[in-house]
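Overview (structure and organization)
The residues making up each chain are set out below.
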Amino acid sequence: MSRMRKTVAPLLAVIMTALIVCALFACRESRVSGQDMTVEHGAAVREENSAPSRGFEELAFPPALSGPPVLVKVPVLMYHHIGEPPPGADRLRRALTVPAQAFEQQMAYLAQAGYNPVTQTQLFKALYYGQPLPPKPVMLTFDDGYQDSYTVAAPILAKHSFPATFYILTGSVGDAGYMDWRQIIELDQRGMDIGSHTISHKDLTRISPEERRRQLFYSAI
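Residues numbered from 1 in each chain as written. Predicted model: local features only at pLDDT ≥ 70, side-chain atom pairs only at ≥ 80, totals over all residues. Heavy atoms only, no water.

**A short note on the nonpolar core**
- Ranked by internal contacts, the top residues of the largest apolar core, which has 27 residues, are Tyr79, Phe103, Met107, Leu140, Phe142, Leu157 and Phe166.
- Those residues in contact with Phe103, other than ones at most four positions away along the chain, are Tyr79, Ile82, Val98, Phe142, Ala153, Ile156 and Leu157.
- Listed in part, the five residues of the second largest apolar core include Val74, Val118, Leu123 and Tyr167. (Core = buried A, V, L, I, M, F, W, Y, C linked by side-chain atoms within 4.5 Å. Buried < 20%, exposed > 50% of the residue type's maximum accessible area, 1.4 Å probe, protein only. Contact = heavy atoms within 4.5 Å.)

**Digging into the packing of aromatic side chains**
- Overall, the coordinates contain nine aromatic pairs when judged by the stated rule.
- On the basis of an interplanar angle of 20° and a centroid distance of 4.9 Å, the ring pair of Phe124 and Tyr128 is categorised as stacked. Taken together, the positions of Phe124 and Tyr128, both in helix α4 (residues 120-129) and four residues apart, correspond to about one turn of that helix.
- Accessibility expressed as a relative area gives 10% for Phe124, which makes it buried. (Phe/Tyr/Trp six-rings, centres within 6.5 Å; stacked < 30°, edge-to-face > 60°. Helix = DSSP H or I, 4+ residues; strand = E, 2+ residues; numbered from the N terminus.)

**Section: unusual backbone geometry**
- Located in the positive-phi region is Lys136, a residue other than glycine, with phi close to 50°.
- Of note, Thr198 is a non-glycine position whose phi angle comes to about 75°, a positive value.
- Within the fold, Thr198 resides in the loop between β7 (193-196) and α7 (209-217).

**With respect to the side chain of His80**
- With respect to the secondary-structure elements, His80 resides in the loop between β1 (76-79) and β2 (81-82).
- With near-sequence residues (within four places) excluded, His80 lies in contact with Leu96, Asp143, Asp144, Tyr146, Asp148 and Ser149.

**Examining the side chain of Ser172**
- As for its placement among the helices and strands, Ser172 is situated in the loop between β6 (165-168) and α6 (181-189).
- Judged by relative accessible area, Ser172 falls into the buried class, the value being 13%.
- Dropping the residues within four chain positions of it, Ser172 is found in contact with Tyr178 and Ile199.

**Some details on the pattern of salt bridges**
- The final tally for this structure, using the stated rule, is six salt bridges.
- Among the ionic contacts, a cluster of salt bridges with common partners joins Arg182, Glu186 and Arg190. (Salt bridge = Lys/Arg side-chain N within 4 Å of Asp/Glu carboxyl O.)

**As for the packing of helix α3 (residues 100-112) against helix α5 (residues 147-159)**
- Viewed as axis vectors pointing N to C, α3 and α5 meet at an angle of 25°, and their least axial separation amounts to 10 Å. Classified by the angle their axes make, α3 and α5 are roughly parallel. Note on packing geometry: the crossing formed by α3 with α5 is right-handed. Within the contact between the two elements, α3 uses Ala100, Phe103, Glu104 and Met107 and α5 uses Val152, Ala153, Ile156, Leu157 and Lys159.
- When the residues that make up the contact of α3 with α5 are grouped by side-chain class, the tally is seven nonpolar, no polar and two charged. (Axes fitted to C-alpha atoms, helices over the stretch in contact; angles between N-to-C directions. Parallel < 35°, antiparallel > 145°, perpendicular 65-115°, else oblique. Left-handed = near helix turned anticlockwise from the far one by under 90°. Nonpolar A, V, L, I, M, F, W, Y, C, P; charged D, E, K, R; others polar.)

**What to know about α5**
- Taking 1.5 Å per residue, 13 residues should reach 18 Å; α5 reaches 19 Å between its end C-alpha atoms and fits that length.
- Along α5, the sharpest change in direction is near 40° and occurs at Ala153; proline Pro155 comes one to four residues later.
- Turning to α5, its buried residues number three or more, namely Asp148, Ser149, Tyr150, Ala153, Ala154, Ile156 and Leu157.
- Residue Ser161 follows α5 closely and has a positive phi angle near 55°. (Expected span 1.5 Å × (residues − 1). Bend = angle between axes of the 7 residues up to and from the residue.)

Quick look at the structure:
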């Protein structure tokens, strides 16, 4: 029993950390995983200076099933950094970091308890088209596209055959501490969901409609 408590405690801690950080730092960016969430993600990324084939206002999802709204209950565990904070890390960085050992314990607990991680695409299809989810679904997400999502989190996920959704700041791809496109494409090819987290992490409630459109449209992956 004591071992189970030690395993569950870090899992509860990361949930509380996510809620506290979002409340303190207004982590309210819209999460969009591309023009059509019902198809496999492509590797190509639209360049900002390229002319889109159709206007942003014309983008729409295929018709949903008619009938009463679909209600599903899916816990979402949101992560940022996995590993150890660098020396001298500030309060925010420490709050956003889950040690690798704790993350490993959390994934082992989910597997032992019979949870089945699902991707954003699976959740969308369940809500929009009524497609069934596995028993005890849970969603694992990783914000911002940090390098440790690839080097630390991904191998642990692979150990348990867990899918996850990675939300990418497209303006930071390839920067120090962030994944590059090769790594992002590799995650996509492994069956992970790759979604947009805007270009530069701006608060979408505090910018102009034009800038909001740019942040969403040109970060679609």
